[in-house]
Amino acid sequence: MSEQYTYAVARIRSLETALFSNAVIDRLIACSDYEQCLQFLVEKGWGGADIPMEAEAILGREEEKIWEVIKELKIDMDKFDVLSYPKLFHNLKAAIKEVCTSEKSRHIFYDDVSIPGEEMRAIIQEKDFTKLPAFMQDAAKEAYECLLHTGDGQLCDVIIDRAALDAVYHAGQEAEDAIIRDYAESTVAVADIKIAVRSQRTAKSLEFMKRAMAECGSVDVSRLAKAALNGMDAIQEYLKDTVYAQGAEALAESPSSFERWCDNRIIQTISPQKYNAFTIGPIVAYVIARQNEIKTVRIILSGKLNELPDDSIRERVREMYV
Amino acid sequence: MFDNLGIVFALTGAALSVILAGMGSAYGVGVAGQAAAGVVTEDPSKFGKVLIMQLLPGTQGIYGLLVAFVTLNNIGILSGKPADLSGAQGLMILAACLPIAIVGLVSARHQGKTAVASIGIVAKKPDQFGKAMLFPAMVETYAILALLISIMAINAIQF
């Protein structure tokens, strides 16, 4: 047990009081329209004095606030690799598509990662893949050449997404902290299950699934891919024999229930950190909880903007950490 | 030779009770202070509550000081007239000091960690302060038991 994070964990405990509970989310859903939802968020301290009253501006500012807190705590950012890799690979994907297709306005970049958008674009333009981290180089080169020669955007996405999952899994395996290992394992397993479900719905081949799915400890990728070939019932049957049995029930219920279960599974993985006082666990859990909170608010705002009924929005809402 | 070392053994006991119990308290108060600072950074209104939590592991150091003071008084060091202690008497005083020295060290460390956990409770549920304080206070029981035994033993030794 290390006392290195005592200050940081106590500070995070204070910050957790401002996280949205299920009751607060219910009140947000109960707001009459989109504008009232934004007003509710501003009253809760979301956004900032110079932030416009727009969903993306407010949510973007909230994402920035998470990392501002982490930087203030002076924690080595390497500890958060598993959380930042998806954004880093997103930048790679966006840069490759921008360079290969010359479509500049379609893609957005994340700038709060080790290789921000402009730098990533320059690396891809120069085709100097050696400037990328070792775990990105092969995937970047393969995806770039694939998109350039075949124009197959989906294959390009599959190559990069698979590399992102592999990177998350390996970062988790090398982490000293159990929460990072568990988070990486759950993230990759849930992503594999999502790939199987979507591949089954779109009738993808076994080769496609094997290329898209990343190996992990709690899911047998080969069996999952074969189950997906045999139909949704076969996927559910396979999941019942794993620790993701609840995913099978959600899958049987509805597609939105399954999507919600995928995120809830991650929150369940980090929930024990509420009772931990001395490791980095509660800090990582707080970051994931805040990201989950922002995602949930985005779903609600999107529902309100499209005038969906409250019950329909509620079905899509994720479980809260607090 | 052995009989000449009586006063040295007695002084060693007094020193150990101060050093070990003080080390434990310094650790406990230090680690609880880090947690308290974390809470106050975000919510200064909780200063009073977390300060009490931080101070709880500090008592072992006081107990060590008390035992050392009684020891020094009994062997005449404080009055400037050191008692003529045999080696056996000196060792008895050393043994009498050990309970608070060792239990003080261990209990203060554990009390500090328990105080950190309780500060987490206060951070999230300040209305549960009373319950939160009980957890580290339970650890105090064993420091008090050790203090009692050390004082009784020191006072029971005849010169």
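Residues numbered from 1 in each chain as written. Chains lettered and ligands numbered in written order. Predicted model: local features only at pLDDT ≥ 70, side-chain atom pairs only at ≥ 80, totals over all residues. Heavy atoms only, no water.

What to know about the packing of helix H1 (residues 6-42) of chain B against helix H2 (residues 47-55) of chain B
Between two packed helices, what matters for the description is the angle formed by their axes and the separation of those axes. All names here are of chain B. Direction vectors running N to C along H1 and H2 enclose 170°, while the axes themselves pass 9 Å from each other. What the angle tells us is that H1 and H2 run roughly antiparallel. In this structure, H1 uses Val29, Ala32, Gly33, Ala36, Val39 and Val40 to contact H2, whose residues at the interface are Phe47, Val50, Met53 and Gln54. Residue classes in the contact of H1 with H2 are distributed as eight nonpolar, two polar and no charged. (Axes fitted to C-alpha atoms, helices over the stretch in contact; angles between N-to-C directions. Helix = DSSP H or I, 4+ residues; strand = E, 2+ residues; numbered from the N terminus. Parallel < 35°, antiparallel > 145°, perpendicular 65-115°, else oblique. Contact = heavy atoms within 4.5 Å. Nonpolar A, V, L, I, M, F, W, Y, C, P; charged D, E, K, R; others polar.)

Here's the deal with the interface of chain A and chain B
Between chain A and chain B, the contact holds 14 residues from the first and 15 residues from the second. Taken over both partners, the interface formed by chain A and chain B buries close to 1,300 Å², and the fraction arising from carbon and sulfur atoms is 67%. A per-residue breakdown of the area chain A buries against chain B is headed by Glu3(A), Tyr7(A) and Ser14(A), which together make up 33% of the total. Our count for the chain A to chain B interface comes out at two salt bridges. Residues Arg11(A) and Glu42(B) are paired through a salt bridge, measuring 2.6 Å at the closest nitrogen-oxygen approach. For the pair chain A and chain B, the interface holds three residue pairs in polar contact (both at pLDDT 80 or more). Looking at the side of chain A that touches chain B residue by residue, the classes come out as seven nonpolar, three polar and four charged. (Buried area = accessible area lost by both parts, 1.4 Å probe. Salt bridge = Lys/Arg side-chain N within 4 Å of Asp/Glu carboxyl O. Polar contact = N/O pair within 3.5 Å; in protein donor to acceptor, adjacent residues only side chain to side chain.)

A look at the pattern of salt bridges
A side chain of one charge can pair with a side chain of the opposite charge when the charged atoms of the two come close. Residue and element names in this part refer to chain A. By the definition in use, this model includes 28 salt bridges over all chains. Where Glu142 meets Arg211, a salt bridge forms, and the shortest distance between an N and an O atom there is 2.3 Å. Here Glu142, found in helix H7 (residues 134-150), pairs with Arg211, found in helix H10 (residues 206-212); they are 69 residues apart in sequence, far enough to count as distant. On the accessibility criterion, Glu142 (37% relative accessible area) is partly exposed. One salt-bridge network, in which partners are shared between bridges, spans Glu62, Lys65, Arg290 and Glu293. (Buried < 20%, exposed > 50% of the residue type's maximum accessible area, 1.4 Å probe, protein only.)

Considering the side chain of Lys46(B)
All names here are of chain B. Within the secondary structure, Lys46 is located in the loop between H1 and H2. At 2.7 Å, the side chain of Lys46 and the side chain of Asp43 are in polar contact. At a separation of 3.1 Å, a polar atom in the side chain of Lys46 contacts the main-chain carbonyl oxygen of Ala123. Residues contacting Lys46, with those up to four places away along its chain left out, are Val39, Val122, Ala123 and Pro126.

A short note on helix H13 (residues 245-253) of chain A
All names here are of chain A. What H13 keeps buried is the set Gly247, Ala248, Ala250 and Leu251. In a view along the axis of H13, the buried residues occupy a sector of 165°, so they form one face of it. When the buried face of H13 is taken as reference, the exposed residues oriented beyond 90 degrees from it are Glu249, Ala252 and Glu253. Buried residues belonging to H13 abut helix H9 (178-201), helix H12 (232-240) and helix H14 (255-270). (Arc of directions from axis to C-beta.)

Section: the domain arrangement of chain A
All names here are of chain A. Parsing chain A into structural domains produces domain 1 (1-75 + 280-322), domain 2 (78-175) and domain 3 (178-279). A C-alpha centroid distance of 27 Å is found between domain 1 and domain 2. Every contact between the two is made by 10 residues of domain 1 and, on the other side, five residues of domain 2. Contact between domain 1 and domain 2 buries roughly 660 Å² in total, counting both sides, with carbon and sulfur atoms accounting for 77%. Three residues, Trp67, Ile280 and Val284, lead the burial of domain 1 against domain 2; their summed loss comes to 47% of the area buried on that side. Linking domain 1 with domain 2 are one salt bridge. A salt bridge links Lys87 to Glu63; its shortest N-O distance comes to 2.9 Å. Counting across the domain 1 and domain 2 interface gives one residue pair in polar contact (both at pLDDT 80 or more). Counting only elements with at least two residues in the side of domain 1 that touches domain 2, the list comes to helix H4 (55-72) and helix H15 (281-305). With four residues, H15 is the single largest residue contributor to the side of domain 1 that touches domain 2. When grouped by side-chain class, the residues that make up the side of domain 1 that touches domain 2 number nine nonpolar, no polar and one charged. (Domains from an automatic or database assignment.)

Some remarks on unusual backbone geometry
One can expect most non-glycine residues to show negative phi and most peptide bonds to be in trans. Residues and elements named next belong to chain A. For Ala203, which is not glycine, the phi torsion reads 55° and is therefore positive. Along the chain, Ala203 turns up in the loop between H9 and H10. Within the chain, Glu307 stands out as a residue other than glycine whose phi angle is a positive 55°.

What to know about the nonpolar core
Core analysis: the biggest nonpolar cluster contains 120 residues, and Leu92(A), Ile96(A), Ile235(A) and Ile283(A) have the highest contact counts within it. Looking at which element gives the most residues to this core, the answer is H9(A), with 12 residues. Ignoring sequence-local partners within four residues, the contact set of Ile235(A) consists of Ala196(A), Val197(A), Gln200(A), Leu224(A), Ala227(A), Ala228(A) and Leu251(A). Formed by 18 residues, the second largest nonpolar core is a distinct cluster that contains Ala10(A), Ala277(A), Ala35(B) and Val116(B). (Core = buried A, V, L, I, M, F, W, Y, C linked by side-chain atoms within 4.5 Å.)

A closer look at the packing of aromatic side chains
Residue and element names in this part refer to chain A. According to the stated counting rule, one finds eight aromatic pairs over all chains in the structure shown. Aromatic pair Trp67 and Phe80: ring centres 5.7 Å apart, planes at 85°, arrangement edge-to-face. Here Trp67 is found in helix H4, whereas its partner Phe80 is found in the loop between H4 and helix H5 (81-101), with 13 residues between them in sequence. For the residue pair Trp67 and Phe80, the accessibility class agrees, reading buried in each case. Geometrically, the ring pair formed by Phe258 and Trp261 is stacked, given 6.0 Å between the ring centres and 25° between the ring planes. A residue pair is termed a helical-turn pair when its members lie 3 or 4 positions apart in one helix, as Phe258 and Trp261 do in helix H14 at three residues. The pair Phe258 / Trp261 is uniform in exposure class, with both members buried. Joined through ring pairs, the aromatic side chains of Tyr85, Phe89 and Phe135 make up one cluster. (Phe/Tyr/Trp six-rings, centres within 6.5 Å; stacked < 30°, edge-to-face > 60°.)

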